[in-house]
Amino acid sequence: MALHLLYICIGGCIMKFYKNFKLNSKIKLIAIGICIAVMVLVWAVNYIKINAAFPEAQEVIYTCEDALEVEGLNIELEESELMDNTEQTITKFTDENIITKLKKSKKDYRYIYVRLNVCNQSDEDKNIEALIYNFVMECMPSGWSNGASSECNKVNLKSGESTDIKMAYALNVPENADISKEEFHLVYRTYPQKIMFVLNI
């Protein structure tokens, strides 16, 4: 915001200078060129600073054969599947609230169904409710992302306990997209590291 205000002020000064100062056109153009060069230099310096402070996120990729360890929790991708329609997706769930929600969707919706197993490997009790909402589905190269309808029978885990999290993500790709060329990522975190499971579907 401060940088935008600076540009506005400089631009205003340039216009005022051009209108009011009684110099020949060549000198005016040189002065304006210098001002523009200063603006470009300020922008470039700030661009470099921002990129140095916030570099591109490094991708950390997990597959169904890997376990993601987060704050004493061991998270494994047990199942991932592309569902052809809403009715097929409903068969994966037992929670009546989720089933009712899915039934309100269009019958021809396609979903990505995911089942995670979460095990508490720490020495203390863990509440995993917030963890459930961390995960976002991402589709590349289409570039869309989506939240999920999720089911978890146990959100409070004692040491050594485990539970499954079931999630259904509505497939929100363009109609002309070739699904076979898309790659689906279950993203846990986006920055400073982009931590994600790459789905085999």
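Criteria and cut-off values
Residues numbered from 1 in each chain as written. Predicted model: local features only at pLDDT ≥ 70, side-chain atom pairs only at ≥ 80, totals over all residues. Heavy atoms only, no water. Buried < 20%, exposed > 50% of the residue type's maximum accessible area, 1.4 Å probe, protein only. Helix = DSSP H or I, 4+ residues; strand = E, 2+ residues; numbered from the N terminus. Arc of directions from axis to C-beta. Contact = heavy atoms within 4.5 Å. Polar contact = N/O pair within 3.5 Å; in protein donor to acceptor, adjacent residues only side chain to side chain. Pairing = 2+ DSSP bridges. Axes fitted to C-alpha atoms, helices over the stretch in contact; angles between N-to-C directions. Core = buried A, V, L, I, M, F, W, Y, C linked by side-chain atoms within 4.5 Å. Patch = residues over 30% accessible without salt bridge, like charges linked within 9 Å, V, L, I, M, F, W, Y side chains within 5 Å. Areas by Shrake-Rupley, 256 points an atom, 1.4 Å probe, with all protein chains shown as cover. Salt bridge = Lys/Arg side-chain N within 4 Å of Asp/Glu carboxyl O. Phe/Tyr/Trp six-rings, centres within 6.5 Å; stacked < 30°, edge-to-face > 60°.

The next point concerns helix 4 (residues 96–103). Given 3.6 residues per helical turn, the α-helix brings residues three or four places apart onto the same face. Along helix 4, the positions that sit buried rather than exposed are Ile98, Ile99 and Leu102. Angular distribution of buried residues about the axis of helix 4 spans 100 degrees; they occupy a single face of the element. The exposed residues of helix 4 that point more than 90 degrees off its buried face are Glu96, Asn97 and Lys103. The secondary structure elements touched by the buried residues of helix 4 are helix 3 (86–90), strand 4 (111–120) and strand 8 (149–152). Between the side-chain oxygen at the start of helix 4 and the backbone nitrogen of Asn97 there is a gap of 2.8 Å, and the oxygen is on Asp95.

Bringing the sheet that holds strand 8 into the picture now. If you trace the five strands from one edge of the open sheet to the other, you get 2-3-4-10-8, paired in antiparallel fashion. At either end of the open sheet lies a strand with only one pairing partner, and these are strand 2 (67–70) and strand 8. Across the sheet, the axes of successive neighbouring strands diverge by a mean angle of 25 degrees, strand direction being ignored. Sheet topology note: the strand 8/strand 10 (residues 162–170) ladder contains four bridges and is antiparallel. Bridged to Ser149 within strand 10 is Ala168. The strands touched by helix 4 are strand 4 and strand 8; relative to strand 8, the strand with the most contacts, the crossing angle is about 165 degrees.

Below, the discussion takes up the nonpolar core. Leu116, Phe135, Leu186 and Phe197 are the most contacted members of the largest nonpolar core, which totals 32 residues. Per element, the largest residue contribution to this core is four residues, and it comes from strand 4. Apart from the residues within four sequence positions on either side, Leu186 is in contact with Val114, Leu116, Phe135, Val136, Met137, Met167, Tyr169, Ile195, Met196, Phe197 and Leu199. One finds Ile90, Phe93, Ile98 and Ile99 within the second-largest nonpolar core, a separate group that totals 10 residues.

Of all nine residues in strand 10, seven are buried; the element is thus mostly enclosed. Alignment of strand 4 against strand 10, held across nine bridges, turns out to be antiparallel. From the neighbouring strand, Arg115 faces strand 10, where its bridge partner is Lys166.

In this section: a nonpolar patch on the surface. A cluster of nonpolar side chains, namely Ile30, Ile34 and Val38, defines an oily patch on the protein surface of about 270 Å² accessible area. Summarising the element assignment, Ile34 is placed in helix 2 (residues 25–53). Overall, the relative accessible area of 53% leaves Ile34 in the exposed class.

Below, the discussion takes up the packing of aromatic side chains. This structure, assessed with the given rule, holds four aromatic pairs. Ring geometry for Tyr109 against Tyr111: centres 6.2 Å apart, planes inclined by 65 degrees, an arrangement best described as edge-to-face. The class for Tyr111 is buried, based on a relative accessible area of 3%. Each ring, one from Phe135 and one from Tyr188, has its centre 5.5 Å from the other, and the planes form 50 degrees; the classification is tilted. Here Tyr188 lies in strand 11 (residues 183–189) and Phe135 lies in the loop between helix 5 (129–132) and strand 6 (136–140), a separation of 53 residues in the sequence. Accessibility assignment for this pair places Phe135 and Tyr188 in one class, buried.

Further remarks concern unusual backbone geometry. Going from Met140 to Pro141, the amide bond is cis rather than trans, its omega being 15 degrees. When you line up the elements, Pro141 lands in the loop between strand 6 and strand 7 (144–146). Tyr191 connects to Pro192 through a cis peptide bond whose omega is 5 degrees. Structurally, Pro192 can be placed in the loop between strand 11 and strand 12 (193–198). Residue Glu71 is not a glycine yet carries a positive backbone phi of 50 degrees. By secondary structure assignment, the location of Glu71 is in the loop between strand 2 and strand 3 (73–83).

Attention now goes to the sheet that holds strand 7. Spatial strand order, 1-12-11-6-7: five strands in an open sheet with mixed pairing. Two strands close off the open sheet at either side, each with one partner strand: strand 1 (58–62) and strand 7. The mean inter-strand angle of the sheet, taken between neighbouring strand axes irrespective of direction, is 30 degrees. Looking at chain direction, strand 6 and strand 11 are connected through five bridges and run antiparallel. Across the sheet, residue Met140 finds its bridge partner in strand 11, namely Glu183.

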